[in-house]
Amino acid sequence: MSILKKIAFQGEPGANSHEACRTYFPDYEAYPCKTFEEAFEAIKTGAAALGMIPIENSIAGRVADVHHLLPASGLRIIGERFKPIRFQLMANKGVKLDAVKVVSSMPIALSQCRNSLKKLGVETEAAGDTAGAAKALALNPDPTRAAVAPALAAEIYGLDILARDIEDERHNTTRFLVMTADKAPEPPPFTHRCVTSFVFRVRNLPAALYKALGGFATNGVNMTKLESYMEGGNFTATFFYAEVDGRPEDRNLALALDELKFFSERFEILGVYPADPFRDRGA
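Residues numbered from 1 in each chain as written. Predicted model: local features only at pLDDT ≥ 70, side-chain atom pairs only at ≥ 80, totals over all residues. Heavy atoms only, no water.

## Structural notes on the environment of E125
Phase 1: Mapping E125 onto the fold places it in strand 8 (residues 123-126).
Phase 2: Given a relative accessible area of 37%, E125 falls into the partly exposed group.
Phase 3: Apart from the residues within four sequence positions on either side, E125 is in contact with V102, V103, S104, S105, L110 and R145. (Helix = DSSP H or I, 4+ residues; strand = E, 2+ residues; numbered from the N terminus. Buried < 20%, exposed > 50% of the residue type's maximum accessible area, 1.4 Å probe, protein only. Contact = heavy atoms within 4.5 Å.)

Shown next, in the form of structure tokens:
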């Protein structure tokens, strides 16, 4: 029985989230979950000490399910990690590239490798996820089929990589949030540049959103993200997920948040955490 702490992720073993767990938390045992709901529950119940949850991709945009789950989860964000996404074309042992006729993977992965697959002249077939396509191929060998998945999937399922890094865009990057069930996690050192994530819903007043956000401009606070989403299928109950540079105790940010809260009927900080150095590389 493993005595390592666990870090939960959504997907089959070998998924991009699994690779992120191994890369950034090598001292933790990766804990696969079928759905995001199961991953969040594993963190909440203590089955996993942490979670590695994708929130957005530089090409595909945000991971919608996560925004809905975050506010009600009771979890806190304690970190962010940016992972370059690299896709490999893999097949059963001994299969040659020119024998492949059909390639399977999740639709978003296939779309991100469209040009490379078009040059190969293969048909594509949608699968539930990238690592799942690799697993299915390992369980049902077929010399005419291949899968698009991360390199870790080939290692886990005993497949050969026929073509490496076939993604069309080299800047393809996914941002992950590191989650914990700790209600009061240790704050990051003051020597680190920080990000504060929060959700809010404005009061039903004319220009409420404009007024709620005005304090960030007047106090010189950089808001790096603002996204809206509906709550409970109600078109009039719009939530906003936002991220800003700084810590809530910083004077300028404290003033901006006070103004936001005055015009909001709900406000909750989801996390204060160190900014990943990847941000400074212009990604």
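After that view, the rundown keeps rolling.
## A short note on helix 9 (residues 251-262)
Since the α-helix packs 3.6 residues into each turn, any two residues three or four apart lie on the same face.
Phase 1: The end-to-end C-alpha distance of helix 9, which contains 12 residues, comes to 17 Å, matching closely the 16 Å that a straight helix rising 1.5 Å per residue would cover.
Phase 2: All of the buried residues in helix 9 are L253, A256, L257 and L260. Here the buried residues of helix 9 occupy an arc of 100° about the axis, which is enough to place them on one side. Of the exposed residues in helix 9, those oriented more than 90 degrees away from the buried face are R251 and F262. (Expected span 1.5 Å × (residues − 1). Arc of directions from axis to C-beta.)

## Comments concerning the nonpolar core
Phase 1: Counting residues in hydrophobic clusters, the biggest one holds 24 residues, and the most contacted among them are A8, I53, L70, I77, L177, M179 and Y241.
Phase 2: Of all the secondary-structure elements, those providing two or more residues to this core are helix 2 (36-45), strand 3 (50-57), helix 3 (64-73), strand 11 (173-180), strand 12 (194-202), strand 14 (234-245) and strand 15 (264-274).
Phase 3: If you count residues domain by domain, this core takes at least three from each of domain 1 (6-84 + 172-180) and domain 3 (194-275).
Phase 4: For M179, the contacting residues outside a window of four places in its chain are I43, A49, L50, G51, I53, L70, L75, R76 and I77. (Core = buried A, V, L, I, M, F, W, Y, C linked by side-chain atoms within 4.5 Å. Domains from an automatic or database assignment.)

## Some remarks on the UniProt feature "site: Essential for prephenate dehydratase activity" (unreviewed entry) in the protein chain
Phase 1: When the UniProt feature table is mapped to this numbering, "site: Essential for prephenate dehydratase activity" (unreviewed entry) covers T174.
Phase 2: Counting through the fold element by element, T174 comes out in strand 11.
Phase 3: Among residues more than four places away in sequence, those in contact with T174 are P54, E56, N57, R81, F82, K83 and I85.
Phase 4: Looking at T174, its side chain comes within polar contact range of the side chain of N57, at 2.9 Å. (UniProt positions renumbered as here; feature names shortened; annotations may be inferred. Polar contact = N/O pair within 3.5 Å; in protein donor to acceptor, adjacent residues only side chain to side chain.)

## Things to note about the environment of L69
Phase 1: Tracing the backbone through its elements, the reader meets L69 in helix 3.
Phase 2: With 32 residues separating them in the primary sequence, L69 and E37 have C-alpha atoms 7.5 Å apart.
Phase 3: In contact with L69, other than residues within four places in its own chain, are F36, E37 and F40.

## Focus: the layout of surface pockets
Empty space among the atoms becomes apparent when a probe as large as a water molecule is rolled across them.
Phase 1: In this structure, the largest pocket occupies an estimated 500 Å³ of space.
Phase 2: Mapped onto the lining of the largest pocket, the elements with two or more residues apiece are helix 1 (16-24), strand 3, strand 4 (61-62), helix 4 (107-112) and strand 11.
Phase 3: Residues that form the lining of the largest pocket fall into these classes: 10 nonpolar, 10 polar and three charged.
Phase 4: The two domains that each donate at least three residues to the lining of the largest pocket are domain 1 (6-84 + 172-180) and domain 2 (88-163).
Phase 5: Empty space within the second largest pocket amounts to approximately 380 Å³.
Phase 6: If you trace the second largest pocket, you find 23 residues lining it, with I77, I78, P185, E186 and V272 closest to the centre.
Phase 7: A breakdown of the residues in the lining of the second largest pocket according to their chemical character gives 13 nonpolar, three polar and seven charged.
Phase 8: When residues of the lining of the second largest pocket are assigned to domains, at least three map to each of domain 1 (6-84 + 172-180) and domain 3 (194-275). (1 Å grid on protein atoms, 1.4 Å probe; cavity = no way out; pocket = protein on both sides within 12 Å on 5 of 7 lines; lining within 4 Å. Points joined across faces, edges and corners; volume = space filled by probe spheres on them. Nonpolar A, V, L, I, M, F, W, Y, C, P; charged D, E, K, R; others polar.)

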